[in-house]
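# A structural walkthrough
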Amino acid sequence: MPNYLLFESQEPFESAEVPRHYELAAGLVREGNQVTVFLIQNGVLVARRSVGSDAFARLAHAGVSVLADEVSLKERGIPPSRLADGVKIATLDQVVDQLAEGRKALWF
Amino acid sequence: MAKKHLTLVMMDAPFENARTVSALRLIDAALRRGHDVTVFAYEGAVSLTFAKQAPHANAVHGRDAVQEDHPLPKDWIAALMGAAGRHGGQLEWINCGLCVDERGVGEAIPGAQRGSPADLWKAAEASDNTLVIGTR
Amino acid sequence: MKTLQIVTSAYRCNIEEQDDPVVWISQAMKAAGAELHLLLEGGAVNYAVRAQDASGLSFGGKAQTQPPRIEDDLRRLLDKGAEVYLVQDDAEARGLEHADMLEGVKGLSRAELPRFFGRFERIWRW
């Protein structure tokens, strides 16, 4: 079964489409795929624990691996201690490995 | 992991969006891991390798041109091309030729090639994976 | 490899380019032998609307004689065997009805996308 790597570069306040991207990730898991959502650029802004960040706990509970780009987090002053439940910090190297594995990769 | 061939499509013009740096970071990470990378630069991204980009002073920062040391995309891309071999891989950069013509950025850094959509398709077919980073 | 081209950005630079760059590159790759199909999403669902008219632009007396004709471009892709889909939810949200649409464009719901994606070896989201 092919797997997916979804780069989410936007936050929900920037684009009303972002929640649909999260839903797509959960839907792909329901279809039997392994799915990673990699938050990058402003996509990490909602990775800071907040009213809206429980979306990531729900995604993780649904079986999606939610990773946040360590460089994007650092650029925006979001320390590990403030990360929302369900979000893990990752490097771009880890993501390149998933690309190299052949995961279907979509940039949002 | 064995060496892979990745193709990346970029569309953003320089200095307009964070997607450019994210793409360069992905290219850098892939090359450091010894993979081959082909970049197909489409639309505004063909200006990334324009040879006539020039640094400048920054009075707001209180720095002259040397102190400002403003990295230009063309220099980063040239550096990535040079560094690729150190890790056993290579970076192939293809600019969409018609996009180059309409933007008047035909003077590109050494190593940047002119190509067409057929080259993107050929590269993708020969690659282990392709990532398109579209513009908005 | 069977590839799905997802078109998400609409009317961004169509006038300047005299086409949509993603629809254009899809046509060019198809002519080079690519097996690809299109999915129109978000505002790009409007590309499937009939009777779009971008003609008439002129600056300082210099007229644009070849405005973008997105409908014709999609029709050419369909004629060459590409399948063109649109996200029905996005079309309905924009008040589009079946009668507004180009013949041959197929609708699917957002809920169907995860399964639909499984039909393609590659998915390129522009």
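Since the structure is predicted, the reported quantities are computational estimates derived from the model, not experimental observations.

### Focus on the overall build of chain C
Counting secondary structure elements, chain C contains five helices and seven strands. When the helices and strands of chain C are placed in sequence order, the string is β-α-α-β-β-β-α-β-α-β-α-β. For 126 residues, the compact-globule estimate of 2.2 N^0.38 gives 14 Å, and the C-alpha radius of gyration of chain C, at 15 Å, lies within 12% of that figure. Per-residue burial for chain C yields a buried fraction of 37% across its 126 residues. Taking contacts inside chain C between residues at least 6 apart in sequence as the whole, the part at least 24 apart equals 71%.

### With respect to the overall build of chain A
Regarding its fold elements, chain A presents four helices and five strands. The C-alpha atoms of chain A give a radius of gyration of 13 Å, which matches the 13 Å a tight globule of 108 residues would have. With the C-alpha coordinates of chain A rotated into their principal frame, the extents come out at 35 × 25 × 25 Å. Expressed as a percentage of its 108 residues, the buried residues of chain A come to 50%. Partitioning the contacts of chain A with sequence separation of at least 6, the portion at a separation of at least 24 is 73%.

### Things to note about the confidence of the model for chain C
Residues of chain C with pLDDT of at least 70 account for 100%, and the chain-wide mean is 97. Across the whole predicted complex the pTM is 0.97, and at the interface the ipTM reaches 0.97.

### A word on the sheet that holds strand β5 (residues 104–107) of chain A
Residues and elements named next belong to chain A. Pairing within the open sheet is parallel, and its five strands lie in the order β4-β3-β2-β1-β5. A strand with exactly one partner marks an edge of an open sheet, and here the two such strands are β4 (87–90) and β5. Taking each pair of neighbouring strands and ignoring which way they run, the sheet shows an average axis angle of 25°. Against the sheet, helix α1 (residues 18–30) engages β1 (4–8) and β2 (35–39), with an angle of about 170° to β1.

### Some remarks on the nonpolar core
The biggest cluster of nonpolar side chains holds 108 residues, and the ones touching the most others in it are A47 of chain A together with A41 of chain B. Setting aside its immediate chain neighbours within four residues, A41 of chain B contacts M10, V46, L48, W93, I94, N95 and C96 of chain B.

### Notes on the interface of chain C and chain A
Taken together, the contact between chain C and chain A spans nine residues of the former and ten residues of the latter. Tallied by class, the residues present in the side of chain C that touches chain A amount to three nonpolar, two polar and four charged.

### A look at the sheet that holds strand β5 (residues 129–133) of chain B
Residue and element names in this part refer to chain B. Within the open sheet, the five strands sit side by side as β4-β3-β2-β1-β5. Their pairing is parallel. The sheet is open, and its two edges are formed by β4 (112–115) and β5, each paired on a single side. Along the sheet, successive strands turn relative to each other by an average axial angle of 25°, direction set aside. Inspection of the sheet shows strand β1 (residues 5–10) paired to strand β2 (residues 36–41) by six bridges, in the parallel sense. Within β2, the residue paired with L6 across the bridge is V37.

The rules behind these values
- Residues numbered from 1 in each chain as written.
- Chains lettered and ligands numbered in written order.
- Predicted model: local features only at pLDDT ≥ 70, side-chain atom pairs only at ≥ 80, totals over all residues.
- Helix = DSSP H or I, 4+ residues; strand = E, 2+ residues; numbered from the N terminus.
- Rg over C-alpha atoms; globule rule 2.2 N^0.38 Å.
- Buried ≥ 20, exposed ≤ 12 C-beta atoms within 10 Å, placed from the backbone.
- Contact = placed C-beta atoms within 7 Å.
- pLDDT = per-residue confidence, 0-100.
- Pairing = 2+ DSSP bridges.
- Axes fitted to C-alpha atoms, helices over the stretch in contact; angles between N-to-C directions.
- Core = buried A, V, L, I, M, F, W, Y, C linked by C-beta atoms within 7 Å.
- Nonpolar A, V, L, I, M, F, W, Y, C, P; charged D, E, K, R; others polar.

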